[in-house]
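Summary of the model geometry
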Amino acid sequence: MNRRLQPLKAYATGTLFILPALVLFAAFIFIPLLYGLFMSFTDYGGFNLKPNFTGLDNYKKLLQDDYFAVSLKNNLVYTLLFVPLTAAFALFSAMALNAVLHLRRYLRMAFYFPQITSMVSVAIVWGLLLNPIRGPVNQVLKALGISHPPEWLMSSQWALIAVVIVAVWKSFGYYMIILLAGIQGIPEYLYESAKLDGAGAFKRFLYVTLPSLSPTLFMVLVLTVINSFQVFDLVSVMTDGGPGRSTNVLVFRIYQEAFIHYRMGYAAAMSAVLFLIIMVVSIVQFRLEKKWVTY
Amino acid sequence: MLNALGTKRRDKVFYSLLLLALAVCSIAALFPFLWMISTSLRTDVDLFRNPMNWIPNSLYLNNYKEVWTTIPFGRYFLNTLKLSVLITVLQVLICSMAAYAFAKLKVPFKNALFILFMTNLMMPWHSIMVPQFSIVSKLGLYNTHTGYVLVQLFSAFGIFLLRQFFLSLPSELNEAARVDGFSEWRIYWRIVMPLSKAAVSTLAIFTFTFMWNDYLAPLIYIQDDGLKTLQLGLKAFQTEHTTDYGLLMAGTVLATAPMVAVFLAGERFFTKGVATTGMKN
């Protein structure tokens, strides 16, 4: 072969290797992203209907849509409960697991186990566990002397909290493994020298573990916040957004608008808000990272 | 930290208490599954005795027989198996090819392309699900397995994971093979892939579990009962049969069992893969 064609051929081979991924990315991620933005300025109703350009109407409507506001508020409450609880459970179980030598493999598997099961089966089982009259949770609470335990999924006050409890139970094992790997990466000599300086267990946690772990902990916070804005399955199976609107969250609202009421243009505007929220959260968190993460 | 424990008596007591607390917590973590199995082995009469007996009086296996005939459970199961296997194989293939190119080959605008792909890691699928659905249905693929499969094949996570691994392989290996007259395809398939079994298995197990458990995407893309997956079937089953707890739980156990098998077989890949997601790039 001609020597001058050699580099061209190398580029061609490389491009061929990437081509399938590139085509899929373009067709099902990049174009939808642009198309979604366009859709959000139209009254598109789905399938073969023709979209009409309506300018900023969808966004104006969003600002006055109290149903959307409720779902946004619910989602924020969910985030504010889910993120710290999951991070705390994950951190403490990782610390505890790191400190024990016995049963470690079993414990790691037991805590991670909920993660491998589907949200749907988990939601179904917990729905029955939390049944106010027949469910074991309230039977135990009654046996403990609480005469009027919460009605969980039937109560608009408790339903969202019940969803958070299940979500934390399901997710913390995943973040625990990430943090456990982080803890095991902390060099032993840091603890040794802290001990020589007379630091007790709590001080060693505060001055050695936390700073060394901060990049991993930070990653866990970013991931849990982003995840909390994607909650759908639990809500769909456990409560269907109810009672009333009490557990209706962002993605569930988008789903309802797009695939039940076929107001896809409006749903696309909501999706743009979701996209924006996650981008802002990520950017803010990466800015903050510089302030409190020490390497 | 570990060495310090167990040296003093006080530490020994603390250690035992910690272990006990962890054991209790682990049972609490597993309780919903234990309850699920116990309920699936009961008649409803046995379940709602008052006060509730936690261990079934006798093993009632009929739920496991009936669930196959009450709903098209076998069909859902086969659909889910087909889709999960197909998507896993194709996704691993597509991701590994792209990852190999990013790690070892010449590609025009390689860095820009890689960054573009990786932005997908930050972008929630939920924010593009509406336009993506609209495009797939315009292609005439709504309510087909093909449409659902197509939207699942690209994975930024998969490309990232495999690229990191491929980068760690020595480039001299590729050079030597090239000198021996191997084509890039042969190097990729015969040398790189076999050397990367651990990373490839990690991705495969992750993808398989994710696809098996997927709910929202099938909910959007699949309409016909004959095309439905287990998760959709379970959800519909719950709505129609909430009163028959035993039957519902038998279905849930059967839908969960394959994932438990995969988990027990590939536990080290799971933990390795999870630990990797927490790593900074």
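Residues numbered from 1 in each chain as written. Chains lettered and ligands numbered in written order. Predicted model: local features only at pLDDT ≥ 70, side-chain atom pairs only at ≥ 80, totals over all residues. Heavy atoms only, no water.

Turning our eyes to something else, we now look at the overall build of chain A. Helices and strands together make up the secondary structure of chain A, namely 12 helices and zero strands. For a compact globule of 295 residues, the expected C-alpha radius of gyration is about 19 Å, and chain A comes in at 24 Å, more than 25% above that figure. Each principal axis of the C-alpha distribution contributes one length, and for chain A these read about 75 × 70 × 35 Å. A buried classification covers 54% of the 295 residues belonging to chain A. (Helix = DSSP H or I, 4+ residues; strand = E, 2+ residues; numbered from the N terminus. Rg over C-alpha atoms; globule rule 2.2 N^0.38 Å. Buried < 20%, exposed > 50% of the residue type's maximum accessible area, 1.4 Å probe, protein only.)

With that settled, consider the overall build of chain B. Assigned secondary structure in chain B consists of 15 helices and zero strands. Expected size for 281 residues packed as a compact globule is a radius of gyration near 19 Å; at 24 Å, chain B overshoots this value by more than 25%. With respect to the three principal axes, the spread of C-alpha positions in chain B is 75 × 70 × 35 Å. When burial is assessed residue by residue, chain B has 53% of its 281 residues classed as buried. Contacts in chain B between residues at least 24 apart in sequence constitute 73% of all its contacts with a sequence separation of at least 6. Carbon and sulfur atoms make up 67% of the accessible area of chain B, which totals about 12,900 Å². With 23 positive and 14 negative side-chain charges, chain B shows a separation of 9 Å between the mean positions of the two kinds. (Contact = heavy atoms within 4.5 Å. Areas by Shrake-Rupley, 256 points an atom, 1.4 Å probe, with all protein chains shown as cover. Lys, Arg positive; Asp, Glu negative; His and termini not counted. Charge placed at Lys NZ, Arg CZ, Asp CG, Glu CD.)

Let's shift gears to helix 3 (residues 62–70) of chain B. Residue and element names in this part refer to chain B. Within the sequence span of helix 3, burial applies to Asn63, Tyr64 and Val67. On an axial view of helix 3, the arc spanned by its buried residues comes to 100°, and they lie on one face. Seen from the buried face of helix 3, the exposed residues on the opposite side, beyond 90 degrees, are Lys65 and Thr69. Here the buried face of helix 3 lies against helix 1 (9–40), helix 4 (73–104), helix 13 (230–240) and helix 14 (245–265). (Arc of directions from axis to C-beta.)

Residues and elements named next belong to chain A. Within the secondary structure, Asn248 sits in the loop between helix 10 (233–238) and helix 11 (250–260). For Asn248, a relative accessible area of 1% corresponds to the buried category. Side-chain polar atoms of Asn248 contact the side chain of Gln256, separated by 3.1 Å. If sequence neighbours within four positions are ignored, Asn248 has contacts with Tyr67, Val70, Ser71, Asn74, Gly241, Arg253 and Gln256. (Polar contact = N/O pair within 3.5 Å; in protein donor to acceptor, adjacent residues only side chain to side chain.)

Taken together, the contacts link 90 residues of chain B with 93 residues of chain A. Interface area for chain B against chain A, summed over the two sides, is near 8,600 Å², with a carbon-plus-sulfur share of 78%. Here chain B is connected to chain A by two salt bridges. Put simply, Glu267 of chain B and Arg105 of chain A hold a salt bridge, and the shortest N to O gap is 2.7 Å. At the surface where chain B touches chain A, the tally comes to 13 residue pairs in polar contact (both at pLDDT 80 or more). Considering every element that reaches the side of chain B that touches chain A, the biggest residue donor is helix 1 of chain B, with 15 residues. Class assignment for the residues of the side of chain B that touches chain A results in 67 nonpolar, 17 polar and six charged. (Buried area = accessible area lost by both parts, 1.4 Å probe. Salt bridge = Lys/Arg side-chain N within 4 Å of Asp/Glu carboxyl O. Nonpolar A, V, L, I, M, F, W, Y, C, P; charged D, E, K, R; others polar.)

With that settled, consider the UniProt feature "transmembrane region" (unreviewed entry) in chain A. Residues and elements named next belong to chain A. The sites that UniProt annotates as "transmembrane region" (unreviewed entry) are residues 12–38, 76–97, 109–129, 158–183, 204–226 and 266–286. Helix makes up 90% of residues 109–129 and strand 0%. Its end C-alpha atoms lie 22 Å apart. The distance from the first to the last C-alpha atom of residues 204–226 is 31 Å, and the span holds 100% helix and 0% strand. (UniProt positions renumbered as here; feature names shortened; annotations may be inferred.)

This brings us to the UniProt feature "transmembrane region" (unreviewed entry) in chain B. All names here are of chain B. In the numbering used here, UniProt assigns the feature "transmembrane region" (unreviewed entry) to residues 12–37, 83–102, 114–135, 147–166, 187–212 and 245–265. As annotated, residues 147–166 comprises 85% helix and 0% strand, and the C-alpha atoms at either end are separated by 31 Å. Note that residues 245–265 is 100% helix and 0% strand, and that its end C-alpha atoms are spaced 30 Å apart.

Next up on the list: the layout of surface pockets. Taken as a whole, the second largest pocket holds about 700 Å³ of empty space. Lining the second largest pocket are 28 residues, and of these Phe89 and Trp169 of chain A together with Cys25, Ala28 and Ala29 of chain B sit closest to its centre. Mapped onto the lining of the second largest pocket, the elements with two or more residues apiece are helix 3 (66–99), helix 5 (119–129), helix 6 (136–143) and helix 7 (159–184) of chain A together with helix 1 of chain B. Element by element, the count of residues in the lining of the second largest pocket is highest for helix 1 of chain B, at eight residues. In terms of residue class, the lining of the second largest pocket is built from 27 nonpolar, one polar and no charged. (1 Å grid on protein atoms, 1.4 Å probe; cavity = no way out; pocket = protein on both sides within 12 Å on 5 of 7 lines; lining within 4 Å. Points joined across faces, edges and corners; volume = space filled by probe spheres on them.)

Bringing the packing of helix 4 (residues 104–116) of chain A against helix 7 of chain A into the picture now. All names here are of chain A. Axis separation between helix 4 and helix 7 bottoms out at 5 Å; the angle between their running directions is 135°. Classified by the interaxial angle, the pair formed by helix 4 and helix 7 is oblique. When you trace helix 4 past helix 7, the crossing you get is left-handed. Contacts between helix 4 and helix 7 involve Arg104, Arg108, Phe111, Tyr112, Pro114 and Gln115 on the former and, on the latter, Trp169, Lys170, Ser171, Phe172, Gly173, Tyr174, Met176, Ile177, Leu180 and Gln184. When grouped by side-chain class, the residues that make up the contact of helix 4 with helix 7 number nine nonpolar, four polar and three charged. (Axes fitted to C-alpha atoms, helices over the stretch in contact; angles between N-to-C directions. Parallel < 35°, antiparallel > 145°, perpendicular 65-115°, else oblique. Left-handed = near helix turned anticlockwise from the far one by under 90°.)

Scanning the entire structure with this criterion turns up eight salt bridges over all chains. Within this structure, Arg105 and Arg108 of chain A together with Glu267 of chain B form a network of salt bridges that share partners.

Residue and element names in this part refer to chain A. Tallied over the entire structure, the rule returns 39 aromatic pairs over all chains. Pairing Phe232 with Tyr255 gives two aromatic rings, centres 5.2 Å apart and planes at 70°, and the pair type is edge-to-face. Here Tyr255 lies in helix 11 and Phe232 lies in the loop between helix 9 (201–228) and helix 10, a separation of 23 residues in the sequence. Here Phe232 matches Tyr255 in class, with each residue buried. (Phe/Tyr/Trp six-rings, centres within 6.5 Å; stacked < 30°, edge-to-face > 60°.)

Turning our attention to the UniProt feature "domain: ABC transmembrane type-1" (unreviewed entry) in chain A. The feature "domain: ABC transmembrane type-1" (unreviewed entry), as given by UniProt, occupies residues 72–285 of chain A in the numbering adopted here. Secondary structure over residues 72–285 of chain A splits into 76% helix and 0% strand, and the C-alpha atoms at its two ends are 20 Å apart.

Our focus in this paragraph is unusual backbone geometry. Residues and elements named next belong to chain A. With an omega of -5°, the peptide bond running from Gly242 to Pro243 counts as cis. Among the structural elements, Pro243 can be located in the loop between helix 10 and helix 11. Phi is positive for Leu103, close to 60°, though the residue is something other than glycine. Positive phi is not limited to glycine here, since Tyr262 has a value of about 55°. Its place among the elements puts Tyr262 in the loop between helix 11 and helix 12 (264–292).

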